[in-house]
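Structural features, examined
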Number of protein chains: 2
Amino acid sequence: MVDFRVLRLLKSLHRQRFSSHFSISVKRRGAMARPFHLNTPLLESVSMTQRVGTPVFLKMENSQPSGSFKIRGIGHLCQQLATDSKGVVCSSGGNAGMAAAYVARKMCVPATIVVPSSTPQLVVQRLRDQGATVNITGKVWDDANAEALRLAETEGLTYVPPFDHPLLWQGHSSVVSEVAASLEEKPGAVLLSVGGGGLLCGVIQGLKDVGWTDVPVIAMETVGADCFNAAVKAGRLVTLDDITSEAKCLGAKTVCRKAF
Amino acid sequence: MVDFRVLRLLKSLHRQRFSSHFSISVKRRGAMARPFHLNTPLLESVSMTQRVGTPVFLKMENSQPSGSFKIRGIGHLCQQLATDSKGVVCSSGGNAGMAAAYVARKMCVPATIVVPSSTPQLVVQRLRDQGATVNITGKVWDDANAEALRLAETEGLTYVPPFDHPLLWQGHSSVVSEVAASLEEKPGAVLLSVGGGGLLCGVIQGLKDVGWTDVPVIAMETVGADCFNAAVKAGRLVTLDDITSEAKCLGAKTVCRKAF
């Protein structure tokens, strides 16, 4: 970690020269046209390329400021719907909640993240570190989401859906245009994971936007949170009884209709 | 890891649609103007910002294709000096060696990386995965470097210095122009680490290029590989007796004159 003498030096420089963190945020609020997500690196995986026998590239969405691709859609949605909002509310102890908290902080809009009591303390702390108010309600996500919808209604907050909204998909589609600008030829396939289907919808839109409609998409789900697979098998939307995967906050019990 | 059925599907898609890896590399060779490095994310560290009391941003150079900033300078140097080379030779079992091996592969130029016998097998394997010939010579870096210089002379290979060359510094300077394009105001200070001083020279050049000559640079060294600190204290270039840090391949026994 950083040496204490360096910390003191930085603090003294701060007093002399830096404007405060808050003033930077205020400045950012004006620049609404600029998206909150970054153009992330597209890296070739040497080990997967060797194993598969064809180049495999990874889009490093983990290096987004909020740690996941969710910032693309949620940033876009908030820039469209929440510029004059009293506050945003989102029911997710996962990547969507972190993205909503981050985007709201950058927009100087209060964020309330509603999570169930099963949410790990570390996640709650990280959301608070982003300046969000964390509201712990109920045992499972459905309880937390009902509370988020109630707050949106009664408090006049802007509800940020985790995966089921056209503005989210439009925001997520930027991942494909970045890949198209980096790769020198059309990929043979796109692999992605499905939780609620938001990324899938965004990628399909992005593939249309860049004229890659013939590129197959291979959607993968976690065993125990496979609501998309269940829907495809049943030929209709299916709501899982429960998410039995360990990664509870990365799945949904029902895939979004658009993805299906 | 990837499911075997997906591997089979990818292999079948490969046969149908992908051109080979080699053909992609050949194409890349033509596009020499395009640099090999990426514009990496500049992320605010929430924990360091809280601790220091002023925004702290990290330039995520670990997400470069070769895993470090070295690709900036080495990519630029090879694009200037090695386009028609019989091969490049570099004496580094660290980040410079990985960058040289990666860049050479992309340019379809053979790479020989000379490393001392103390180099871990994992590093040797990673260099080989990048298509490099690994030549294990001597006990310490100085032995390996003497062999690299000998090979450059006798075999007509292009010697890639790990840190001491103006083309390297020019390449490294791109990190500052990227930061200037991302940040909304001039930073209060730049913190960086010094091994041989190549990054320091590049950052100082970059700060000049963007007109940030009054931004202080705080250079940090590892205890046991502190050749820059020793030179500053002595008022002249100093060659350390030995690198006693565990991170042997990240240090140099003498800092480059330009940095001093």
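In this report, the structure presented in the accompanying data block is examined. (Residues numbered from 1 in each chain as written. Chains lettered and ligands numbered in written order. Predicted model: local features only at pLDDT ≥ 70, side-chain atom pairs only at ≥ 80, totals over all residues. Heavy atoms only, no water.)

Glancing now at unusual backbone geometry. One non-glycine residue, Cys108(A), adopts positive backbone phi at about 60 degrees. Residue position: Cys108(A) is located in the loop between α5 (95–107) and β4 (111–115). (Helix = DSSP H or I, 4+ residues; strand = E, 2+ residues; numbered from the N terminus.)

Bringing the nonpolar core into the picture now. Ile74(A), Cys78(A), Val88(A), Ile113(A), Val160(A) and Val203(A) are the most contacted members of the largest nonpolar core, which totals 56 residues. Ranked by size, the runner-up nonpolar core spans 54 residues in total, among them Ala96(B), Ile113(B), Val203(B) and Leu240(B). (Core = buried A, V, L, I, M, F, W, Y, C linked by side-chain atoms within 4.5 Å. Buried < 20%, exposed > 50% of the residue type's maximum accessible area, 1.4 Å probe, protein only.)

Further remarks concern the state of the cysteines. All names here are of chain B. Taken as a whole, this structure holds zero disulfides over all chains when the rule is applied. The thiol of Cys201 is not disulfide-bonded; the next cysteine sulfur, from Cys256, is found 3.8 Å away. By relative accessible area, which is 8% here, Cys201 ends up buried. (Disulfide = S-S within 2.5 Å.)

Residue and element names in this part refer to chain B. Looking at the secondary structure, you find Phe163 in the loop between β6 (158–159) and α8 (166–172). Relative accessible area serves as the criterion here: at 15%, Phe163 is assigned to the buried category. Between the C-alpha atoms of Phe163 and Gly67, which are 96 residues apart in sequence, the distance is 16 Å. When sequence neighbours within four positions are dropped, the list of residues in contact with Phe163 reads Lys70, Leu168, Trp169, Gly196, Gly198, Ala252, Thr254 and Cys256. (Contact = heavy atoms within 4.5 Å.)

Once that is clear, we can look at the environment of Glu44(B). Secondary-structure assignment places Glu44(B) in strand β1 (residues 42–44). By relative accessible area, Glu44(B) is classed as buried at 17%. Along the chain, Glu44(B) and Lys106(B) lie 62 residues apart, while their C-alpha atoms are 32 Å from each other. Side-chain polar atoms of Glu44(B) contact the side chain of Lys106(A), separated by 3.2 Å. (Polar contact = N/O pair within 3.5 Å; in protein donor to acceptor, adjacent residues only side chain to side chain.)

Another point: helix α11 (residues 227–234) of chain A. All names here are of chain A. For α11, the full list of buried residues reads Cys227, Phe228, Ala230 and Ala231. All buried residues of α11 project into a common sector of 160 degrees when viewed along the axis, lining one side. Away from its buried face by more than 90 degrees, α11 exposes Val232 and Lys233. Phi turns positive, to about 75 degrees, at Gly235, one or two residues after α11. (Arc of directions from axis to C-beta.)

Further remarks concern the sheet that holds strand β5 (residues 133–136) of chain A. Residues and elements named next belong to chain A. Taken in spatial order, the four strands of this open sheet run β5-β4-β3-β6, and their pairing is parallel. Lying at the two open borders of the sheet, with one neighbouring strand each, are β5 and β6 (158–159). Relative to β6, strand β3 (residues 88–90) runs parallel, the two being bridged by two bridges. Note that in β6 the partner of Val89 across the bridge is Tyr159. Running over the sheet, helix α6 (residues 121–129) touches β4 and β5 and is turned about 150 degrees from β5. Across the sheet, helix α7 (residues 141–155) is in contact with β3, β4, β5 and β6; its angle to β4 comes to roughly 150 degrees. (Pairing = 2+ DSSP bridges. Axes fitted to C-alpha atoms, helices over the stretch in contact; angles between N-to-C directions.)

What follows is about the sheet that holds strand β4 (residues 111–115) of chain B. Residues and elements named next belong to chain B. Ordered by their spatial adjacency, four strands build an open sheet running β5-β4-β3-β6, and the pairing between neighbours is parallel. Sheet topology places β5 (133–136) and β6 at the edges, where each strand pairs with a single neighbour. Pairing of strand β3 (residues 88–90) with β4, which is carried by three bridges, proceeds in the parallel orientation. Bridging across to β4, Val89 finds its partner in Thr112. Of the strands in this sheet, β4 and β5 are in contact with helix α6 (residues 121–129), which crosses β5 at around 150 degrees. Across the sheet, helix α7 (residues 141–155) is in contact with β3, β4, β5 and β6; its angle to β4 comes to roughly 150 degrees.

We now examine the pattern of salt bridges. Under the counting rule described, the total for this entry stands at 16 salt bridges over all chains. One salt bridge connects Asp214(A) with Lys186(A), and the closest N-O pair in it is separated by 2.7 Å. Within this pair, whereas Asp214(A) is found in the loop between α10 (198–209) and β8 (217–220), its partner Lys186(A) is found in the loop between α9 (174–182) and β7 (190–193), the two being separated by 28 residues in sequence. A salt bridge links Arg72(B) to Glu61(B), with the shortest nitrogen-to-oxygen separation between them at 2.6 Å. Of this pair, Arg72(B) sits in helix α4 (residues 70–81) while Glu61(B) sits in the loop between β2 (57–59) and α4, and the two are 11 residues apart along the sequence. Connected through shared salt-bridge partners, Lys59(A), Glu61(A), Arg72(A) and Glu178(A) make up one network. (Salt bridge = Lys/Arg side-chain N within 4 Å of Asp/Glu carboxyl O.)

It is worth spelling out the side chain of Ser66(B) at this point. With respect to the helices, strands and loops of the structure, Ser66(B) is situated in the loop between β2 and α4. Those residues within four positions of Ser66(B) in sequence are excluded, and the remaining contacts are Ile71(B), Met98(B), Ala99(B) and Tyr102(B).

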